[in-house]
Amino acid sequence: MRVLVSGGAGYIGSHTVVQLIAAGHDVVIVDSFANSKPAVIGRLEALTGEAIPVHAFDLTDRDKTERLFADEPFDAVIHFAGLKAVGESAEIPLEYYENNLGTTFSLVRAMRRHGVKMLVFSSSATVYGEEAPLPYREDYAPLQASSPYGRTKVMIEHVLTDVAAADPSLRIGILRYFNPVGAHPSGTIGEDPQGIPNNLMPFIAQVAVGRRDKLVVFGDDYPTADGTCERDYIHVEDLAAGHVAALNTLATSEKAVSVWNLGTGQGTSVLEMVHAFERAVGRELPYEIGPRRAGDQPRSWADPARANDELGWRTVKTIDDMCADTWRWQSSNPTGYED
């Protein structure tokens, strides 16, 4: 298939591009480079041995999006593009609603106008909110979220479901991610957050490489085994494989909308992750216990049974794999991608 990957230069998008090409698909990237760097494209081409067409513009521009679909045929779209920092979304909520909803409206409108019937959407476990029982299952309702970022994901899921109800020829796959970490095993591509990392793994990696003095663990008095929050960490390579599996499944599916959790089904605590990273680095890393952070849930993990059964997909990478691959990436690229 010829697949348009929006946000294809980003962390998850770039790893998915590699696996799509390895699976025999033709890939075209559209990315505004607001949260990614053009340098990743050359690395993707080196990894895949393919020249990858890239369109550098913001998908909220409906005219440019329309021209892209008018000029080039696509069989499917995988939609990663969007703003994604939970904390930042509370500071600039309007920008998050405009960007995340606007890119989706623009893409789906162009898809329908030009007969593109398949869409895989990058959603999030944040849609389960604070009330869903563990493990999180796809049939839980009502969806809710505690941040503007999360609410954009809830809204987009509803929008896509409504659009598919109005046009039953569409095939939409909604993938709810848990906590993506890790990097390509080559160390060539990986996570390169802008500014201070919002997530645990890149912060640990920057401490290990000397960019930050220490890690602050937000609370050690939660009702968990060691008192620190537990999360379902998934290797980005497993996550990318989930997108390829979802795309293949949509091609033969009779359902208009399918929703799948992509996670391991088990929680790993903050301190367990710190100690696993210490094993990868071969030394202890400095950290201190700080107060709890507002909004953090004690525990969060997926029930991935539906994805296991319907996609024929399951995670294969361990926590040690996640840390070893992250350290290979960060130690080879201590300041991330070059500008």
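Residues numbered from 1 in each chain as written. Predicted model: local features only at pLDDT ≥ 70, side-chain atom pairs only at ≥ 80, totals over all residues. Heavy atoms only, no water.

- Per an unreviewed UniProt entry, the chain goes by UDP-glucose 4-epimerase and derives from Nostocoides australiense Ben110.
- The chain has a UniProt comment under Subunit (unreviewed entry) that states "Homodimer."
- You can read under Cofactor (unreviewed entry) in the UniProt record for the chain the words "NAD(+)". (UniProt positions renumbered as here; feature names shortened; annotations may be inferred.)

### Considerations on the packing of aromatic side chains
Inference 1: All chains considered together, the criterion is met by seven aromatic pairs.
Inference 2: Taken together, a centroid distance of 4.9 Å and an interplanar angle of 55° make the contact between tryptophan 329 and tyrosine 337 tilted. For the residue pair tryptophan 329 and tyrosine 337, the accessibility class agrees, reading buried in each case.
Inference 3: A network of ring pairs unites the aromatic residues Tyr128, Tyr136, Tyr140 and Phe178 as a single cluster. (Phe/Tyr/Trp six-rings, centres within 6.5 Å; stacked < 30°, edge-to-face > 60°. Buried < 20%, exposed > 50% of the residue type's maximum accessible area, 1.4 Å probe, protein only.)

### Considerations on the packing of helix α1 (residues 11-22) against helix α8 (residues 236-250)
Inference 1: At their nearest, the axes of α1 and α8 sit 8 Å apart, and the two run at 60° to each other. Here α8 runs oblique to α1, going by the angle between their axes. Viewed along their axes, α1 and α8 form a crossing whose handedness is right-handed. When α1 is examined against α8, the residues Tyr11, Ile12, His15, Thr16, Gln19 and Leu20 are found in contact with a partner set consisting of Val236, Glu237, Leu239, Ala240, Ala241, His243, Val244 and Leu247.
Inference 2: Considering only residue class, the contact of α1 with α8 consists of nine nonpolar, four polar and one charged. (Axes fitted to C-alpha atoms, helices over the stretch in contact; angles between N-to-C directions. Helix = DSSP H or I, 4+ residues; strand = E, 2+ residues; numbered from the N terminus. Parallel < 35°, antiparallel > 145°, perpendicular 65-115°, else oblique. Left-handed = near helix turned anticlockwise from the far one by under 90°. Contact = heavy atoms within 4.5 Å. Nonpolar A, V, L, I, M, F, W, Y, C, P; charged D, E, K, R; others polar.)

### A look at a negative patch on the surface
Inference 1: A surface patch of like charges, here negative, comprises Glu88, Glu91, Glu95 and Glu98.
Inference 2: The residue glutamate 98 is located in helix α5 (residues 93-113) in this model. (Patch = residues over 30% accessible without salt bridge, like charges linked within 9 Å, V, L, I, M, F, W, Y side chains within 5 Å. Areas by Shrake-Rupley, 256 points an atom, 1.4 Å probe, with all protein chains shown as cover. Salt bridge = Lys/Arg side-chain N within 4 Å of Asp/Glu carboxyl O. Lys, Arg positive; Asp, Glu negative; His and termini not counted. Charge placed at Lys NZ, Arg CZ, Asp CG, Glu CD.)

### What about the environment of valine 18?
Inference 1: Inspection of the secondary structure assignment puts valine 18 in helix α1.
Inference 2: Along the sequence, valine 18 and glutamate 237 sit 219 residues apart, while their C-alpha atoms lie 9.7 Å from each other.
Inference 3: Ignoring any residue separated from it by four or fewer positions in sequence, one finds valine 18 in contact with Leu44, Leu47, Thr48, His184 and Ile189.

### A word on the sheet that holds strand β2 (residues 26-30)
Inference 1: Read across the sheet, seven strands follow the order β3-β2-β1-β4-β5-β6-β11 without closing on themselves; strand pairing throughout is parallel. With one partner strand each, in any of the chains shown, β3 (54-55) and β11 (257-262) form the two edges of the open sheet.
Inference 2: Examined bridge by bridge, β2 and β3 share two bridges and lie parallel to one another. The partner of valine 30 across the bridge, within β3, is histidine 55.
Inference 3: Here α1 sits on the sheet and contacts β1 (2-6), β2, β4 (76-79) and β6 (171-177); the angle it forms with β2, its principal contact strand, is near 160°. (Pairing = 2+ DSSP bridges.)

### Section: the sheet that holds strand β12 (residues 268-269)
Picture the strands of a sheet paired through backbone hydrogen bonds; they go either parallel or antiparallel.
Inference 1: If you walk across this open sheet you meet the three strands as β12-β9-β14, and the pairing is mixed. The open sheet has two edge strands, β12 and β14 (299-300), and neither has a second partner.
Inference 2: Of the pairings in the sheet, the one linking strand β9 (residues 230-231) to β14 comprises two bridges and is parallel in character. Bridged to arginine 231 within β14 is serine 300.

### A look at the environment of leucine 262
Inference 1: Inspection of the secondary structure puts leucine 262 in strand β11.
Inference 2: The exposure class of leucine 262 is buried, given its relative accessible area of 0%.
Inference 3: Residues leucine 262 and leucine 20, spaced 242 residues apart in sequence, show a C-alpha to C-alpha distance of 17 Å.
Inference 4: For leucine 262, the residues in contact, after removing those within four places along its chain, are Leu175, Arg176, Tyr177, Phe178, Ile234, Leu239, Gly242, His243, Ala307 and Trp313.

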